[in-house]
Amino acid sequence: MKFMKLGSRPDTFYSTETVRSVSSEVSSDLIIQVKGSRYLLHKFPLLSKCLRLQRLCSETPESAHIQIVQLPDFPGGVESFELCAKFCYGITVTLSAYNIVAIRCGAEYLQMTEEVEKGNLIYKIEVFLNSCILHGWRDSLTALQTTKSFPVWSEDLGITGRCIESIASKVASNPTKVSLLHSYSRRGGRDDHGSINGSLNGSELDHKTVGRKGWWAEDLAQLGIDLYWRTMIAVKSSGKVPSSLIGHALRIYASKWLPNISKQFECDEVVASKHRLLLESIVSLLPIEKGEVSCSFLLKLLKAANILKASPSSKMELARRVGLQLEEASVGDLLIPFSNSSTADDESVYDVDVVITILEQFMLQGGQTPPTSPPRMKGGFDRRRRSRSAENVDLMFQESRRSSSASHSSKLKVAKLVDGYLQRVAKDYTNLPMSKFIAIAEAIPEFSRHDHDDLYKAIDIYLKAHPELNKSERKRLCRILDCKKLSIESCMHAAQNEMLPLRVVVQVLFFEQARAAIAGGQMTDLPSNIKALLAGHKNPAKAAAAASFSTNSSAVQPEDQWSVSGINNNKSPKSSNISTLKMKLDEEDDDLDERYPNGVEKSSKLKSFSMTPNRPRRMFSKLWPISRSASEKN
């Protein structure tokens, strides 16, 4: 910490009740009132250096040999005025980073310029400020912090701007080195190794990274949001500080000034407004590069923005940034409280709309097609005669393939994340509309899910949490489920799940029996259309053609005409599943009795049900030849 002493006389100021005087053989002839305090001083030393006092005394009539001057708006108050007065008397005054801004503003107020006297106070302060204070890291920070007490004066005199430029230049010159580590703040936050015991909403910071790279981040975190924002803008404008360090500094600042905001966070509107301003300022400072700020940190900011009711533009910007690196998130990170809930203590309400927005932003970055291979040359002669531009095109294709592969890998991770999120919200958010549940599930393309086990679990949880759903709603919900992608364990559970629609249970049993036939080497016993469906299961690209062949085939093979009544005589290990199916078929018949009491329409309905190839009964009837051939061989 640098300091400078002005003057050589001892301090002769003393107090008598509420009056401050200076010890002298000459009686006082000037009374100056500064914000409730009265000073008994002398005209000669003060007027010889202060142009403002000269003008005020000339405008004020003398009364009983003592003149009174009012200074109600003196910057810095009595402390600043007394230092200026002591300089006029030649009394020793010590300047440092803690008081230089206040004295400089006071000297400007009194107009202690070179026009009045050579070597006046303003000149001496400017020399010390430019040559010493602004050359030191701690001194520049300290002086910048003191400017918040005199914002208008500091701006007009250029002190704030000069301090910010000094700090930014020092950060830009050594952004990752610790050679300048003379921490301005050591209030229990930094240990001997330079680590910080800070957290953001319970998430610990990386201590080693802070000590090694973020030597300046904690010191800047002591600034208020206005000064911090301007300083960080200057640091970013230099172009010499890596974006990762910018993001790291923002995380340190947020951990210090943003409280642990949760659903129970309560404060008055003034405090909430300050937090909102701070949050939106941090969002505006985020690096534009992807991955320079962790996805977890972005989602914590988004949660705080939702609770504090930040501006829509800030929330949209956070959602966009989260979408760029959504594969890094966890299920807990996506549980964003809904700010407009009616009960403040209701933790089971989540904002699923913002999650849908995040998924939309995620899909915008990589399209919805799986990674493809670059085009190949057909002829060897053309390959040998490729031009340099053709080679560049190949390089572009290779780069595109790498990018597409990375995007596909991200979609696989996000698909797992979405299914886990659906399981959580289906359990906790009892009022979750089915349309939003389906929208979240369908936001990820089909090829992103290698299996549908997690999605089935989410559907099962949702069905149990919403028993009031009718059959059409349950069918609509289960359309997002692909039974071919269920594991054996999930198939066994689904076959006995009474909440599922009949069609889904039939499909599950069909593919389970088909898999058992393949495992037992009985593929030759399967009808051709079943083989096509199984081939589609092996190769998803052929699934659509196989389904079309199975549904639209006009010629029905003899082995496909087995009746469902033959199921009752089957002694296969799937008897429990079949009994469950029989119960569901009986339920369907009961529904038909209720809907068609006269029996005529019921008859036509049953006839169409049994004759249509893609109905559940026809699908399950294809399983019978497999079981029968197996039992005959045994």
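Only a predicted model underlies this, so the values are computations on that prediction, with no experimental measurement involved.

Participant: Is there a simple way to explain the overall build of the chain in this structure?
Facilitator: The secondary structure content of the chain amounts to 29 helices and 9 strands. Among the 634 residues that make up the chain, the fraction classed as buried is 46%. Put simply, of all contacts in the chain between residues at least 6 apart along the chain, 72% involve residues at least 24 apart. Of the roughly 32,100 Å² that the chain leaves accessible, carbon and sulfur atoms contribute 52%.

Participant: I would appreciate a short explanation of a positive patch on the surface in the present structure.
Facilitator: A surface patch of like charges, here positive, comprises K475, R476, R479 and R503. Relative to the helices and strands, R476 is located in helix α21 (residues 471-478). R476 gets classed as partly exposed once you look at its relative accessible area, which sits at 42%.

Participant: I would appreciate a short explanation of the environment of L477 in the present structure.
Facilitator: With respect to the helices and strands, L477 occurs in helix α21. For L477, a relative accessible area of 0% translates into the label buried. Taking the C-alpha atoms as reference points, L477 and P501, 24 residues apart in sequence, are found 9.7 Å from one another. Discounting residues that sit within four places of it in the chain, L477 has contacts with M434, F437, I438, I459, Y462 and L463.

Participant: Any chance you could explain the packing of aromatic side chains here in plain terms?
Facilitator: Two descriptors summarise a pair of aromatic rings, namely the distance from one centre to the other and the angle between the planes of the rings. Applying the stated rule across the entire model yields 9 aromatic pairs. Summarising the aromatic geometry, the rings of F13 and Y89 are spaced 6.0 Å apart at their centres and angled 85° between planes, so their arrangement reads as edge-to-face. With F13 in strand β2 (residues 13-16) and Y89 in helix α3 (residues 77-89), this pair connects stretches of sequence that are 76 residues apart. By relative accessible area, which is 9% here, F13 ends up buried. What makes Y89 buried here is its relative accessible area of 10%. Ring centres of F510 and F511 lie 4.8 Å apart, and the angle between their planes is 65°; this geometry places the pair in the edge-to-face category. Taken together, the ring pairs connect Y39, F74, F81, Y109 and W153 into an aromatic cluster. Directly above the aromatic system of Y109 lies the positively charged group of R52, at a separation of 4.0 Å from the ring centroid. Over the ring of W257 we find K256, and its NZ or CZ is 5.5 Å from the ring centre.

Participant: Even after reading the chapter, I still don't get unusual backbone geometry, so can you show me in this structure?
Facilitator: Of all residues except glycine, most have a negative phi; of all peptide bonds, most are trans. Even without glycine at this site, E17 takes up a positive phi of about 55°. When you line up the elements, E17 lands in the loop between β2 and β3 (19-22). Despite not being glycine, K35 shows a phi value in the positive range, around 50°. Relative to the helices and strands, K35 resides in the loop between β4 (30-34) and β5 (37-41). By relative accessible area, which is 51% here, K35 ends up exposed.

About the criteria used
- Residues numbered from 1 in each chain as written.
- Predicted model: local features only at pLDDT ≥ 70, side-chain atom pairs only at ≥ 80, totals over all residues.
- Heavy atoms only, no water.
- Helix = DSSP H or I, 4+ residues; strand = E, 2+ residues; numbered from the N terminus.
- Buried < 20%, exposed > 50% of the residue type's maximum accessible area, 1.4 Å probe, protein only.
- Contact = heavy atoms within 4.5 Å.
- Areas by Shrake-Rupley, 256 points an atom, 1.4 Å probe, with all protein chains shown as cover.
- Patch = residues over 30% accessible without salt bridge, like charges linked within 9 Å, V, L, I, M, F, W, Y side chains within 5 Å.
- Salt bridge = Lys/Arg side-chain N within 4 Å of Asp/Glu carboxyl O.
- Lys, Arg positive; Asp, Glu negative; His and termini not counted.
- Charge placed at Lys NZ, Arg CZ, Asp CG, Glu CD.
- Phe/Tyr/Trp six-rings, centres within 6.5 Å; stacked < 30°, edge-to-face > 60°.
- Lys NZ or Arg CZ within 6 Å of the ring centre and 35° of its normal.

Shape descriptors only; they carry no functional weight alone.
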